[in-house]
Amino acid sequence: MSAISRDEVAHLARLSRLALTDDELDHYAGQLDSILSHVANISEVAAADIPGTAHPADLANVLRPDVVVPGLTPDEALSGAPAVEQQRFAVPQILGEEE
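Residues numbered from 1 in each chain as written. Predicted model: local features only at pLDDT ≥ 70, side-chain atom pairs only at ≥ 80, totals over all residues. Heavy atoms only, no water.

Engineer: Explain the environment of Thr-21 to me, using residue names and the numbers behind them.
Structural biologist: The residue Thr-21 is located in the loop between helix H1 (6-15) and helix H2 (22-45) in this model. The class for Thr-21 is partly exposed, based on a relative accessible area of 44%. A sequence separation of 11 residues divides Thr-21 from Ala-10, and the C-alpha atoms of the two residues are 9.5 Å apart. (Helix = DSSP H or I, 4+ residues; strand = E, 2+ residues; numbered from the N terminus. Buried < 20%, exposed > 50% of the residue type's maximum accessible area, 1.4 Å probe, protein only.)

Engineer: So, unusual backbone geometry: which residues are in play, and what are the values?
Structural biologist: Positive phi, close to 50°, is recorded for Gln-86, a residue that is not glycine. Here Gln-86 is to be found in the loop between strand E1 (84-85) and strand E2 (88-89). On the accessibility criterion, Gln-86 (69% relative accessible area) is exposed. Unusually for a residue other than glycine, Gln-87 sits at a positive phi of about 55°. Tracing the backbone through its elements, the reader meets Gln-87 in the loop between E1 and E2. Residue Gln-87 is classed as exposed on the basis of its relative accessible area of 54%.

Engineer: Go over the pattern of salt bridges with me, naming the residues and quoting the values.
Structural biologist: Counted according to the given criterion, the structure contains 2 salt bridges. Arg-6 is paired through a salt bridge with Asp-22; the nearest N and O atoms lie 2.9 Å apart. Taken together, the residues Arg-6 in helix H1 and Asp-22 in helix H2 connect sequence positions 16 residues apart. We classify Arg-6 as partly exposed; its relative accessible area is 31%. With a closest N to O distance of 2.7 Å, Arg-6 and Asp-26 form a salt bridge. With Arg-6 in helix H1 and Asp-26 in helix H2, the pair connects residues that are 20 residues apart, well separated along the chain. Among the charged side chains, a network of salt bridges with common partners joins Arg-6, Asp-22 and Asp-26. (Salt bridge = Lys/Arg side-chain N within 4 Å of Asp/Glu carboxyl O.)

Engineer: How would you explain the packing of H1 against H2 if you had to name every residue and give the values?
Structural biologist: One way to put it is that H1 packs onto H2 with a least axis distance of 9 Å and a crossing angle of 105°. The orientation of H1 with respect to H2, classified from their angle, is roughly perpendicular. Counted together, Arg-6, Val-9 and Ala-10 of H1 and Asp-22, Leu-25, Asp-26, Tyr-28, Ala-29 and Leu-32 of H2 form the full contact between these two elements. Grouping the constituent residues of the contact of H1 with H2 by class yields 6 nonpolar, no polar and 3 charged. (Axes fitted to C-alpha atoms, helices over the stretch in contact; angles between N-to-C directions. Parallel < 35°, antiparallel > 145°, perpendicular 65-115°, else oblique. Contact = heavy atoms within 4.5 Å. Nonpolar A, V, L, I, M, F, W, Y, C, P; charged D, E, K, R; others polar.)

Engineer: Just give me the short version of H1, but keep the residues and values in it.
Structural biologist: Of all the positions in H1, only Val-9, Ala-10 and Ala-13 are classed as buried. Relative to the axis of H1, the buried residues are bounded by an arc of 100° and lie together on one face. Summarising the geometry of H1, the exposed residues directed more than 90 degrees from the buried face are Asp-7, Arg-14 and Leu-15. Where H1 is buried, its residues contact H2. (Arc of directions from axis to C-beta.)

This is the structure:
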């Protein structure tokens, strides 16, 4: 027995606001029936004792430990800057009013 009828396809088309011809309704009814049959076959294979997975391989994140290291002082960080204003990098303004 067919999982989806031509009338159900026509109803779905109306809900989706699709204007389908009679030939298209027959064509899509066959395609949707095939898709639903495949989904039913896959559902039969799934067993309750098999846990769900997001990935077939058992993966774990490999992370290095966090180590606190001293950073640059403001003077060291700004030493290579082409322009500095109030201990900050000075860059050309690109938004807003021109100065």
